[in-house]
Amino acid sequence: MEHVFEHVTPFVGYVYPNETDFPWSQLIVIYPYITGLVAGAFVISSLHHVFKIKSFAPISRFALLTALCFMIFAPSPLLFHLGQPTRAFNAVITPHWTSAMAAFGYVAGFYLCLLILEVWFAFREDIVAMSKARSGIMGKIYGLLTLGSDDVSEHALAIDHKVARILSMIGIPAACGLHGYVGFVFGSLKSREWWSSDLMPVIFLLSAVGSGVGLVIVLYVIVSKYRKTPIIDETMRGLLYVMFTGVAIVMVIEGLEILEMFYKAREGVETVRELIAGPIWVGMYIQWGMSVFALLTTSALLLFNVHGKRLVTWLFLSGLAMMIGVLAMRWNVVIGGQELSKTMRGLLTFTPELFGRESLFTVLIISICPYILLFLITKLLPPWNEKIEPDHRVSEVQNLHRISLGMNQTQ
Amino acid sequence: MNTQDLQTEEETCGMSRRGFLGLLGKGAVCAGAIVGAVGAGSAIGASEAGSGKRAYQQNDKQFAEAVNNPPKIPEYNWNDHQWAMGVDTTRCIGCLRCMEACKMENSVQMDANHNRTWVERYVYLEGSNTALIDSQADPKNIANAGSETKFRFDNRYKDVKVEKAFFVAKLCNQCEHPSCVEVCPTGATFKSKDGPVLIDTTYCIGCQYCVQACPYGARSFNESRGTAEKCNWCYHRITKGLNPACVEVCPTGSRIFGDRNDPESPVSLFIRNNHVQVLKPEMGNAPNVFYVGLDKEVV
């Protein structure tokens, strides 16, 4: 008898027998979470590139790199989840267009290419400079990265900026499309009451922006502390505005969705109530608690016109809260939707695996990877708009010497 | 005759009926063993099925072959047929031989959470306006049977007054507008011309979007194959002119199968002569399994 319930999800009420095996696990929780962070980070970088909002200039390129690093790892939870990962490209080779999922390969591929292109245009000037300033293997790598285009005349740079701006402009609808589309994957399923909502794409998109801004705030503060550089007040204020707008709107829409569900009170609404009070209550508390915290904090920061160190501390905390809250929201949607049985007469309780292909350990690894990549990529392409110095002190001294010699000659 | 009478009758003739069903079951098991022996490869006999290990009659390759290239019959043309199924819930006795036959015939994983067909029991207790529902996969039923591979309903209602009780057999509805086909990103699952929704297990990527999309919970995921799994009305049998295994073994004739293009086929007669219903019509899937004797409580 011991083997009997090993992999059966415990349930109450009546659920279809096949439902006791959860189709989508915690990997599908972090997939929309990661793409959400991409969308949010990209929006921040675009605010400078497209709308020329000066206060975002110091972090624009950093946010762009963040978006790229997270985008690279966005499809990995899906690959770990597939029963036949080696056939993943079947969906790209022979897409079945009535499926909301069929376009994923194209949407994600397009967006990844767009990000890489934009990064290249945004960093080309630096790459060229570094290919000259660095020697040895790094110099060669930068040389390769210039792709043979080492023209840094004013005219060429103007073209760079223009192209980066156009790419960024395409990127905004693309980011919204990518994420609204993830919401559509869930919202378009009529079989699950908890998912089947027209508001789902909007909720996914807005919470994505919220969590992405949160990520940029958190990373910006940590990186600035690590690099011992000042945190620019104007930038933090800018991030505060975006954060406040995001949190406020997403909370209203999420509230509306739940209100609508209960007000319509279709068959099985009691079970929905039990779902919220039962299997996902912790998640709901985290989601709403963190959102309320972020909303109250940002409101207070705005109201009392806070600047300086207090702004940094509280905005950092609300950014972190938003990241945690949105992660909880993803859990509540993805796992909660499956915990509510299709019979509307029963509830399942999902327990994640700790180790294995689809486990919390895999989730942890995949979640850490983008941060490591971001660390490495900021070493390769420093986004801080600082003057590029040659790496060898010797050459630096030589340069100084040469300059002083030149100055002497002119004198 | 009220329910209690029915129960007593069942108790008195239970032995003989059980014996008869047991025989049927053994027949199905033997058939499975033969298929397995012919199939060789990873064929596992029915004896191992009881051990709780996942048992298969065919290996993956053979299964895929059977689904992709069902035995060709010279005269079989899928444009000429429109298969449909009827379920007369008033006849179902919940013996679950259909489940057993299905698991054997189609190499379905033997554990409780992989089913191509299953049977639900609806019980209204006296004075209650809602039904208590369970299926053979209910932990209590499994505990009572002693194994996931023995399909039995327990006798949990013997000490309470039952007002109304009935069984409803469930299986894939082979919908006219199948949600599973709609959401499949690769087209590995498709609607065949003659009705059943089939899966190309050599092309399925195992994303399980179809499992999510099915409003009837008819699909499951085969972890060993890494692909989706569902009832196909024994496509390998019906294209030979045989009935699906579940229909074949049903001792009460509560499952009716046939070709709707033939006005005299059992299913055509069943639909013509009864007020039939489908499950969850509001989903817009237009199921092809037609029910008689559904109740407001049927999910």
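In case you missed it, the structure is sitting above this.
The structure contained in this document is the topic of the report that follows.

Conventions adopted
- Residues numbered from 1 in each chain as written.
- Chains lettered and ligands numbered in written order.
- Predicted model: local features only at pLDDT ≥ 70, side-chain atom pairs only at ≥ 80, totals over all residues.
- Heavy atoms only, no water.
- Helix = DSSP H or I, 4+ residues; strand = E, 2+ residues; numbered from the N terminus.
- Buried < 20%, exposed > 50% of the residue type's maximum accessible area, 1.4 Å probe, protein only.
- Contact = heavy atoms within 4.5 Å.
- Areas by Shrake-Rupley, 256 points an atom, 1.4 Å probe, with all protein chains shown as cover.
- Salt bridge = Lys/Arg side-chain N within 4 Å of Asp/Glu carboxyl O.
- Polar contact = N/O pair within 3.5 Å; in protein donor to acceptor, adjacent residues only side chain to side chain.
- Nonpolar A, V, L, I, M, F, W, Y, C, P; charged D, E, K, R; others polar.
- Pairing = 2+ DSSP bridges.
- Axes fitted to C-alpha atoms, helices over the stretch in contact; angles between N-to-C directions.
- Phe/Tyr/Trp six-rings, centres within 6.5 Å; stacked < 30°, edge-to-face > 60°.
- Lys NZ or Arg CZ within 6 Å of the ring centre and 35° of its normal.
- Patch = residues over 30% accessible without salt bridge, like charges linked within 9 Å, V, L, I, M, F, W, Y side chains within 5 Å.
- Lys, Arg positive; Asp, Glu negative; His and termini not counted.
- Charge placed at Lys NZ, Arg CZ, Asp CG, Glu CD.
- Left-handed = near helix turned anticlockwise from the far one by under 90°.

With that out of the way, let us pick up the overall build of chain A. Looking only at helices and strands, chain A features 14 helices and two strands. In chain A, which comprises 411 residues, the proportion classed as buried is 53%. Once local pairs closer than 6 in sequence are excluded, the contacts in chain A between residues at least 24 apart make up 81%. Looking at chain A as shown, the accessible area adds up to about 18900 Å², and 69% of this sits on carbon and sulfur atoms.

Moving on, we get to the overall build of chain B. A count of helices and strands for chain B gives ten helices and ten strands. Residue burial in chain B is summarised as follows: out of 299 residues, 57% are buried. A sequence separation of at least 24 residues applies to 65% of the contacts in chain B between residues at least 6 apart. For chain B, the accessible surface area stands at approximately 12600 Å², while carbon and sulfur atoms represent 54% of it.

This structure, assessed with the given rule, holds 22 salt bridges over all chains. Across the pair E260 of chain A and K264 of chain A runs a salt bridge, and its minimum N-O distance is 3.4 Å. You can see E260 of chain A and its partner K264 of chain A sitting in helix α9 (residues 233–264), four residues apart, about one turn around the helix. Judged by relative accessible area, which is 39%, E260 of chain A ranks as partly exposed. With relative accessibility at 47%, the residue K264 of chain A sits in the partly exposed group. The shortest N-O distance in the salt bridge between E229 of chain B and R225 of chain B comes to 3.3 Å. A relative accessible area of 3% places E229 of chain B in the buried class. A cluster of three or more residues bridged by salt bridges with shared partners is formed by R121, D134, D138, D154 and R156 of chain B.

A few words on the interface of chain A and chain B. Listed by partner, the interface residues are 42 residues for chain A and 61 residues for chain B. Where chain A packs against chain B, one counts one salt bridge. With its nearest N and O atoms 2.3 Å apart, the salt bridge here joins R345 of chain A to E297 of chain B. If you look at where chain A meets chain B, you find 38 residue pairs in polar contact (both at pLDDT 80 or more). Looking at the side of chain A that touches chain B, the elements that each hand over two or more residues are β1 (11–14) and α4 (90–93) of chain A. Classifying every residue of the side of chain A that touches chain B gives 20 nonpolar, 16 polar and six charged.

The next thing to look at is the sheet that holds strand β2 (residues 117–125) of chain B. All names here are of chain B. Strands sit in the order β3-β2-β4 across an open sheet of three strands; the sheet is antiparallel. Edge positions in the sheet fall to β3 (132–135) and β4 (162–171), since each of these pairs with one other strand and no more. Mean inter-strand twist for the sheet, computed between neighbouring axes without regard to direction, equals 20 degrees. When β2 meets β4, the two strands line up antiparallel, connected through nine bridges. Bridge pairing in β4 places Y122 opposite F166.

Once that is clear, we can look at the packing of aromatic side chains. Residues and elements named next belong to chain A. A complete count under the given rule lists 21 aromatic pairs over all chains for this structure. Measuring from ring centre to ring centre gives 5.7 Å for W24 and W195, while their planes differ by 20 degrees; the resulting arrangement is stacked. Placement of W24 in the loop between β1 and α1 (27–49) and of W195 in the loop between α7 (154–187) and α8 (200–227) is noted, with a sequence separation of 171 residues between them. The class for W24 is buried, based on a relative accessible area of 2%. Overall, W195 belongs to the buried group, its relative accessible area being 0%. A centroid spacing of 5.9 Å and a plane angle of 50 degrees characterise the contact between W331 and F350, whose relative ring orientation is tilted. With a gap of 19 residues between them, W331 in helix α12 (residues 308–339) and F350 in the loop between β2 (345–348) and α13 (360–380) connect regions that are remote in the sequence. A relative accessible area of 24% means that W331 is categorised as partly exposed. The ring of F123 carries R61 above its face, with NZ or CZ at 4.3 Å from the centroid.

Looking now at unusual backbone geometry. Negative phi is the rule for most residues except glycine; trans is the rule for most peptide bonds. Residue and element names in this part refer to chain B. Even without a glycine there, the phi angle at C234 is positive, about 50 degrees. As for its position among the elements, C234 is in the loop between β8 (227–229) and α8 (235–238). Phi at A286 is positive, roughly 50 degrees, even though this residue is not glycine. Considering the arrangement of structural elements, one finds A286 in the loop between α10 (266–273) and β10 (289–292).

It is worth spelling out a nonpolar patch on the surface at this point. Residues and elements named next belong to chain A. Among the surface-exposed residues, Y226, L354, F355, L360, F361, L364, I365, I368, I372, F375 and L376 lie close enough to one another that they form a single nonpolar patch of about 1100 Å² accessible area. Take the nonpolar patch: its biggest share by element is eight residues, from α13. For F355, a relative accessible area of 62% gives the class exposed.

A contiguous patch of negative charge on the surface is contributed by E267, E270 and E274 of chain A together with E282 of chain B. By the element assignment, E270 of chain A lies in helix α10 (residues 269–277).

To continue, consider the packing of α1 of chain A against helix α5 (residues 104–133) of chain A. Residue and element names in this part refer to chain A. It is at 13 Å that the axes of α1 and α5 come closest, and there the two elements cross at 35 degrees. Judged by the sense of rotation from one axis to the other, the crossing of α1 with α5 is left-handed. Along the contact surface, α1 presents Y31, V38, F42, S45 and H49, while α5 presents F104, Y111, L114, L115 and E118. Of the residues belonging to the contact of α1 with α5, the class tally is seven nonpolar, two polar and one charged.

Now for the side chain of N113 of chain B. Residues and elements named next belong to chain B. Its place among the elements puts N113 in the loop between α4 (97–106) and β2. Judged by its relative accessible area of 0%, N113 is buried. Within the local environment of N113, its side chain forms a polar contact with the side chain of H114, the two groups lying 3.5 Å apart.

We now examine the side chain of R255 of chain B. Among the secondary structure elements, R255 of chain B is positioned in strand β9 (residues 255–259). At 2.7 Å, the side chain of R255 of chain B forms a polar contact with the side chain of T117 of chain B.

For the rest of this paragraph, the subject is the sheet that holds β10 of chain B. Strand pairing within a sheet occurs via backbone hydrogen bonds; the two strands may be parallel or antiparallel. Residues and elements named next belong to chain B. With mixed pairing, the three strands of this open sheet are ordered in space as β9-β1-β10. What marks the edges here is a single partner per strand, and that holds for β9 and β10. Each neighbouring strand pair of the sheet contributes to a mean axis angle of 20 degrees, computed without reference to strand direction. Against the sheet, α10 contacts β1 (83–88), β9 and β10, and its axis sits at roughly 110 degrees relative to β9.

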